[in-house]
Amino acid sequence: MMKLNLVLLVVFAGSLNLNAQNSISKNQPDKAYREVVSKRAEKIVNTLEITDPARSERVRNLIAQQYYDLNGIHDRCKAEKGKLKEKGGSREQIEAEIKALQARADSELTVLHQKYIVNLSNELSPEQIEGVRNGMTYGVLPITYAGYLDMIPELKEEEKQQIMIWLTEAREHAMDAGSSEEKHGWFGKYKGRINNYLSARSYDLKKYSEAREARIREAQQKK
């Protein structure tokens, strides 16, 4: 009887150990991703010149959590789309259901985005929030805007304002995108809109682009 109890105890202990290992294994990707987004958030916070360590930590946690929540929405939407395709059905039906799934995800992203900005505004100045926005989108907005001003020095004030409006819209969408490729894709979409706008206002973008490249080459040769 003692031997039987000993065997049962060993089996039970082994079962607990296996369950613990499975739990750790399942949570490991989640833990690893949290570490990734925490480091990513830390890099952004380091550009904001926050002097209060406690506030710095709160902002880092807000940014990291936003990355984590965004990833959760995108992953769930992707998984649900995959299940719909596996389920089968008519092409029209699948496309309609996928469209509905994406609409729900977009609605969740909008709510999450708005809440995020409100939370940031409780900790940061408008200028610092701009820093967070640019940090989450690789600084594409200021780089692209400066590029347009450099390419077409004679842009009118109203044209500069319109370019900034569209780049700002692109950035808001890009903040919620699920990958680097998707973030850049939003800017690409709006740059197309900007280019069409400028062409309609009689700017020869090919000519201006070539002239800019020539100026850059000339400046490099002088170094």
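Residues numbered from 1 in each chain as written. Predicted model: local features only at pLDDT ≥ 70, side-chain atom pairs only at ≥ 80, totals over all residues. Heavy atoms only, no water.

Engineer: Give a detailed account of the overall build of the protein, specifying residues and quantitative values.
Structural biologist: Looking only at helices and strands, the protein has 8 helices and 0 strands in total. Element order for the protein, N to C, with α for helix and β for strand: α-α-α-α-α-α-α-α. A burial count over the protein gives 29% of its 223 residues as buried. A fraction of 65% describes how many contacts in the protein between residues 6 or more apart in sequence connect residues 24 or more apart. If you sum the accessible surface of the protein, you get close to 14,800 Å²; carbon and sulfur atoms cover 55% of it. (Helix = DSSP H or I, 4+ residues; strand = E, 2+ residues; numbered from the N terminus. Buried < 20%, exposed > 50% of the residue type's maximum accessible area, 1.4 Å probe, protein only. Contact = heavy atoms within 4.5 Å. Areas by Shrake-Rupley, 256 points an atom, 1.4 Å probe, with all protein chains shown as cover.)

Engineer: Kindly report on the confidence of the model for the protein, identifying the contributing residues and their values.
Structural biologist: Regions with low pLDDT carry predicted coordinates that are not meant to be interpreted in detail. Scored by pLDDT, the protein has a mean of 88; 87% of the residues are at 70 or more. Contacts of residues 1–27 to residues separated by more than four positions or lying in other chains number 0 contacts, the stretch itself having pLDDT below 50. (pLDDT = per-residue confidence, 0-100.)

Engineer: If you had to explain the packing of aromatic side chains to someone new, which residues and values would you point to?
Structural biologist: One pass over the structure, following the stated rule, counts 3 aromatic pairs. Measuring from centroid to centroid gives 5.4 Å for Trp-166 and Tyr-197, while their planes differ by 85 degrees, and the two rings are edge-to-face. One end of the pair, Trp-166, is in helix α6 (residues 157–175); the other, Tyr-197, is in helix α7 (residues 180–200), and 31 residues separate them in sequence. You can call Tyr-197 buried: its relative accessible area is 18%. Directly above the aromatic system of Tyr-68 lies the positively charged group of Arg-34, at a separation of 3.6 Å from the ring centroid. Stacked on the ring of Tyr-67, the Lys or Arg Arg-40 has its end atom at 4.8 Å from the ring centre. (Phe/Tyr/Trp six-rings, centres within 6.5 Å; stacked < 30°, edge-to-face > 60°. Lys NZ or Arg CZ within 6 Å of the ring centre and 35° of its normal.)

Engineer: Hey, could you go over α7 for me, with residue numbers and the actual values?
Structural biologist: Every α-helix carries 3.6 residues per turn, so stepping three or four residues along brings you back to the same face. The first and last C-alpha atoms of α7 sit 30 Å apart over 21 residues, in line with the 30 Å expected at 1.5 Å per residue. Lys-183, Phe-187, Tyr-190, Ile-194, Tyr-197 and Leu-198 are the residues of α7 that are buried. Down the axis of α7, the buried set is contained in an arc of 95 degrees. They therefore lie on one face. Of the residues in α7, the exposed ones pointing more than 90 degrees away from the buried face are Glu-181, Asn-196 and Ala-200. (Expected span 1.5 Å × (residues − 1). Arc of directions from axis to C-beta.)

Engineer: Talk me through the pattern of salt bridges; I want residue IDs and the actual numbers.
Structural biologist: One pass over the structure, following the stated rule, counts 16 salt bridges. A salt bridge links Glu-159 to Arg-201; the shortest N-O distance between them is 2.7 Å. Highlighted residues: Glu-159 in helix α6 and Arg-201 in the loop between α7 and α8 (205–222), separated in sequence by 42 residues. Judged by relative accessible area, Glu-159 falls into the buried class, the value being 1%. Judged by its relative accessible area of 32%, Arg-201 falls in the partly exposed class. Among the charged side chains, a salt-bridge network with shared partners connects Glu-130, Arg-133, Arg-171 and Glu-172. (Salt bridge = Lys/Arg side-chain N within 4 Å of Asp/Glu carboxyl O.)

Engineer: How would you explain the layout of surface pockets if you had to name every residue and give the values?
Structural biologist: If you add up the space inside the largest pocket, you get close to 520 Å³. Sort the elements by how many residues they give to the lining of the largest pocket and helix α3 (residues 91–121) lands first, with 6 residues. Classifying every residue of the lining of the largest pocket by side-chain character gives 4 nonpolar, 8 polar and 7 charged. The calculated volume of the second largest pocket comes to roughly 250 Å³. If you go around the second largest pocket, you meet 16 residues; those closest to its centre are Tyr-33, Arg-40, Tyr-67, Tyr-138 and Lys-183. Elements with a contribution of two residues or more to the lining of the second largest pocket: α1 (2–45), α2 (53–87) and α7. (1 Å grid on protein atoms, 1.4 Å probe; cavity = no way out; pocket = protein on both sides within 12 Å on 5 of 7 lines; lining within 4 Å. Points joined across faces, edges and corners; volume = space filled by probe spheres on them. Nonpolar A, V, L, I, M, F, W, Y, C, P; charged D, E, K, R; others polar.)

Engineer: Break down the nonpolar core for me, citing the residues and quoting the values.
Structural biologist: Side chains of a nonpolar character, in soluble globular proteins, are inclined to be buried together. Among the nonpolar cores identified, the biggest contains 24 residues, and Val-59, Ile-63, Tyr-116, Leu-120, Leu-124, Val-132 and Met-136 are the most heavily contacted of them. Broken down by secondary-structure element, the contributors of at least two residues to this core are α1, α2, α3 and α4 (126–135). The element contributing the most residues to this core is α2, with 7 residues. Residues within four places of Leu-120 in sequence aside, it is in contact with Val-59, Leu-62, Ile-129 and Val-132. Counting 20 residues, the second largest nonpolar core, distinct from the first, contains Leu-141, Ile-163, Tyr-197 and Tyr-203. (Core = buried A, V, L, I, M, F, W, Y, C linked by side-chain atoms within 4.5 Å.)

Engineer: Describe the packing of α3 against α4, with residues and values.
Structural biologist: A packed helix pair is summarised by two numbers, namely the angle formed by the two axes and the spacing between the axes. Running from amino to carboxyl end, α3 crosses α4 at an angle of 135 degrees, the nearest separation of the two axes being 10 Å. On the basis of the axis angle, α3 is oblique to α4. As α3 packs across α4, the resulting crossing turns out to be right-handed. Between α3 and α4, the residues in contact are Tyr-116, Ile-117, Leu-120 and Ser-121 and Ile-129, Val-132 and Arg-133, respectively. For the contact of α3 with α4, the class distribution of residues is 5 nonpolar, 1 polar and 1 charged. (Axes fitted to C-alpha atoms, helices over the stretch in contact; angles between N-to-C directions. Parallel < 35°, antiparallel > 145°, perpendicular 65-115°, else oblique. Left-handed = near helix turned anticlockwise from the far one by under 90°.)

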